[in-house]
Amino acid sequence: MNYWLMKSEPDAFSFEDLKARPKQTEPWDGVRNYQARNFMRDAMKVGDPILFYHSNTNPPGVVGIAQVASEPYPDPTAFDKKSKYHDPKSDPVKPRWILVDVAFKADLKRLVSLDEMKTMPELSEMRALQRGNRLSITPVTKDEFQAIKKAGMRKAPGT
DNA sequence: GCCAACGTTGGC
DNA sequence: GCCAACGTTGGC
């Protein structure tokens, strides 16, 4: 089992949006970065836990727990000329972009902010926190995952 | 294969 | 809105 952190801008698609989906599941479309694609294509397994992270918001941070909900399959938005994610270099015969479905798993009692994560000794090596990292999908270790989940299940930071 | 130009991400 | 970081593109 692998653990993941996946970023989303809440203005575009939030954790609340995921919960509000009829089956609480959403295809993670629009990823146009090869490293992030490779994680979905090669390393994710159905049931892998995901830290759902809100970026480009105030404050940024982990807002909830999701999980991988499908095998990898081609990103249909790449073939859709009307989609903002359209990529003429991807075609159904030889798809370039691959995604998985992501499903709601559990709420946290509160947001675990980026600021707070930076203070947590368990997260000092965490890939998503490294300087300059912009990957929208990164692996996290089991210990990192559990430290963040535990913090999010407490009512207030540090208590 | 190099690298300058350009585009995007995301914290602030 | 700014800008550092970094990925991609394309000329050579």
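Everything numeric in this text was worked out from a predicted model, so none of it was measured. (Residues numbered from 1 in each chain as written. Chains lettered and ligands numbered in written order. Predicted model: local features only at pLDDT ≥ 70, side-chain atom pairs only at ≥ 80, totals over all residues. Heavy atoms only, no water.)

Within chain A one finds four helices and eight strands. What you see in chain A, going N to C, is helices and strands ordered as β-α-β-α-β-β-β-β-β-α-β-α. Seen along its three principal axes, the alpha-carbon backbone of chain A occupies a region of about 55 × 35 × 30 Å. Counting across all 159 residues of chain A, residues that qualify as buried make up 45%. Accessible area of chain A: about 9000 Å², with a carbon and sulfur share of 49%. (Helix = DSSP H or I, 4+ residues; strand = E, 2+ residues; numbered from the N terminus. Buried < 20%, exposed > 50% of the residue type's maximum accessible area, 1.4 Å probe, protein only. Areas by Shrake-Rupley, 256 points an atom, 1.4 Å probe, with all protein chains shown as cover.)

Residues in contact with DNA strand B, as listed here, are Lys7, Tyr53, Ser55, Asn56, Pro60, Leu114, Lys118 and Arg134. Counting only atoms of DNA strand B within 4 Å of the protein, the sugar-phosphate share comes to 67%. Between DNA strand B and tyrosine 53 there is a distance of 2.7 Å, counted from a phosphate oxygen to a side-chain nitrogen or oxygen. A distance of 3.0 Å separates a phosphate oxygen of DNA strand B from a polar atom in the backbone of asparagine 56. Within the surface near DNA strand B, the residues separate by chemical class into three nonpolar, two polar and three charged. (Near = heavy atom within 4 Å. Polar contact = N/O pair within 3.5 Å; in protein donor to acceptor, adjacent residues only side chain to side chain. Nonpolar A, V, L, I, M, F, W, Y, C, P; charged D, E, K, R; others polar.)

Attention now goes to the layout of surface pockets. To find leftover empty space, one rolls a probe the size of a water molecule over the atoms. Considered as a void within the structure, the largest pocket measures approximately 500 Å³ in volume. Lining of the largest pocket is provided by 18 residues; of these, Ser8, Glu9, Ala12, Asp29 and Tyr85 occupy positions nearest its centre. Breaking the lining of the largest pocket down by element, the ones donating at least two residues are strand 1 (3-8) and strand 2 (25-27). In the lining of the largest pocket, the residues fall into six nonpolar, five polar and seven charged. (1 Å grid on protein atoms, 1.4 Å probe; cavity = no way out; pocket = protein on both sides within 12 Å on 5 of 7 lines; lining within 4 Å. Points joined across faces, edges and corners; volume = space filled by probe spheres on them.)

Within the structure, DNA strand C sits among Asn33, Tyr34, Gln35, Lys89, Arg131, Gly132 and Arg134. In DNA strand C, atoms within 4 Å of the protein come 75% from sugar and phosphate. Side-chain polar atom of arginine 134 to a base oxygen of DNA strand C: 2.8 Å apart, as the coordinates give it. In the surface near DNA strand C, the residues fall into one nonpolar, three polar and three charged.

Attention now goes to the pairing of strand 1. The buried count for strand 1 comes to six of six residues, which makes it a mostly enclosed element. What you see with strand 1 is no split at all: Tyr3, Leu5 and Lys7 on one side and Trp4, Met6 and Ser8 on the other are buried throughout. With four bridges joining them, strand 1 and strand 8 (residues 137-140) adopt antiparallel strand pairing. From the neighbouring strand, tyrosine 3 faces strand 8, where its bridge partner is valine 140. Summarising the sheet, strand 1 and strand 3 (residues 49-54) pair through five bridges and their orientation is parallel. Paired with leucine 5 across the two strands is leucine 51, which belongs to strand 3. (Pairing = 2+ DSSP bridges.)

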